[in-house]
Amino acid sequence: MPDDFGHGQAAADGRTAGTDEQIGMRLNHVPTEPSGGPAPGPVPGFGAGPGDFASTPKQKQEAAGTIETELEPNTKKAAEVADDATSTAQKGFEGWETAAGLKTVAETWDKQVKVLMGRLSAEKGALRGASGLFARNDTGIRNGFLASQSKLNDL
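Residues numbered from 1 in each chain as written. Predicted model: local features only at pLDDT ≥ 70, side-chain atom pairs only at ≥ 80, totals over all residues. Heavy atoms only, no water.

Moving on to the overall build of the chain. Along the backbone of the chain there are three helices and zero strands. N-terminal to C-terminal, the α/β element order of the chain is α-α-α. When each of the 155 residues of the chain is scored for burial, the buried share is 16%. Across the chain, the fraction of contacts at a sequence separation of at least 24, relative to all contacts at a separation of at least 6, is 55%. Summed over its atoms, the accessible surface of the chain is roughly 11300 Å², and 60% of this surface lies on carbon and sulfur atoms. (Helix = DSSP H or I, 4+ residues; strand = E, 2+ residues; numbered from the N terminus. Buried < 20%, exposed > 50% of the residue type's maximum accessible area, 1.4 Å probe, protein only. Contact = heavy atoms within 4.5 Å. Areas by Shrake-Rupley, 256 points an atom, 1.4 Å probe, with all protein chains shown as cover.)

Now for the environment of Glu123. Within the element layout of this structure, Glu123 appears in helix 3 (residues 97-147). On a C-alpha basis, the gap between Glu123 and Ile67 in space is 8.3 Å, while along the polypeptide they are 56 residues apart.

Now for the pattern of salt bridges. Between side chains of opposite charge, pairing is possible as soon as their charged atoms come close. Per the counting criterion, the structure on display carries five salt bridges. In this structure, the salt-bridge partner of Glu123 is Arg119, at a minimum N-O distance of 3.0 Å. Highlighted residues: Glu123 and Arg119, both in helix 3, separated by four residues, approximately one helical turn. (Salt bridge = Lys/Arg side-chain N within 4 Å of Asp/Glu carboxyl O.)

A few words on helix 3. Compared with the 75 Å implied by 1.5 Å per residue over 51 residues, the 73 Å span of helix 3 between its first and last C-alpha is a close match. Residues of helix 3 that are buried in the fold lie against helix 2 (57-92). (Expected span 1.5 Å × (residues − 1).)

Turning next to the packing of aromatic side chains. Taken as a whole and assessed by the stated rule, the structure comprises one aromatic pair. Measuring from ring centre to ring centre gives 6.1 Å for Phe93 and Trp96, while their planes differ by 65°; the resulting arrangement is edge-to-face. Residue classification places Trp96 among the exposed positions, given a relative accessible area of 58%. (Phe/Tyr/Trp six-rings, centres within 6.5 Å; stacked < 30°, edge-to-face > 60°.)

Here the focus is the confidence of the model for the chain. Any residue range with low pLDDT should be treated as having predicted coordinates unsuitable for detailed reading. Per-residue confidence for the chain gives a mean pLDDT of 76, with 64% of residues at or over 70. For the chain, helix 1 (residues 19-27) is the element with the lowest average pLDDT, namely 62, and helix 2 is the one with the highest, namely 93. Considering only residues more than four positions removed or in separate chains, one finds that residues 4-16, a stretch of pLDDT under 50, has 20 contacts. Segment residues 42-49: pLDDT under 50, and eight contacts once partners within four positions in sequence are set aside and those in other chains are kept. (pLDDT = per-residue confidence, 0-100.)

Where helix 2 meets helix 3, the closest approach of the two axes is 10 Å, and the angle between their N-to-C directions is 170°. Regarding the angle of helix 2 to helix 3, the classification is roughly antiparallel. Among the residues making up the contact of helix 2 with helix 3, the classes are represented as 20 nonpolar, seven polar and ten charged. (Axes fitted to C-alpha atoms, helices over the stretch in contact; angles between N-to-C directions. Parallel < 35°, antiparallel > 145°, perpendicular 65-115°, else oblique. Nonpolar A, V, L, I, M, F, W, Y, C, P; charged D, E, K, R; others polar.)

What follows concerns helix 2. Taking 1.5 Å per residue as the helical rise, helix 2 with its 36 residues ought to reach 52 Å, and the 51 Å between its terminal C-alpha atoms agrees with that figure. When the local axis directions of helix 2 are compared, the greatest deviation, roughly 35°, occurs at Ile67. Within the sequence span of helix 2, burial applies to Lys60, Ala63, Ala64, Gly65, Thr66, Ile67, Glu72, Thr75, Ala78, Ala79 and Thr86. (Bend = angle between axes of the 7 residues up to and from the residue.)

Of note, Ala106 is situated in helix 3. We classify Ala106 as buried; its relative accessible area is 14%. With 27 residues separating them in the primary sequence, Ala106 and Ala79 have C-alpha atoms 9.9 Å apart.

Laid out in structure tokens, this is it:
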């Protein structure tokens, strides 16, 4: 059953099931079965098989899309819920030192959310720009080889 933030219910080991695992699998390129669960057998890069971190431009775009359509909006929504709850609690403790403490906590939370949102945005941009950078680098190297002249060319 989802919680107030649209996340899956917490599993016995403290992880959340459902949405969080699906996002993690998409961002980490873990193959899934048609049922949505992890594919059986070893996953490359996680102790078995070829241990590379390579991903296709399509996978980078999909990961950036997941950040944009799921992580950023859900993070913003969670921050707003926490702000509302903290604000209500502050009002309930008005005149007590607890209200001042809650204000400090809310300010710290808001700063942390701002940093996290900036980080998500930066990662999204980096994912989207990475394949272009690699293509330009490859083209530049190719052009360098084509432009260089060998002393054998004049013979």
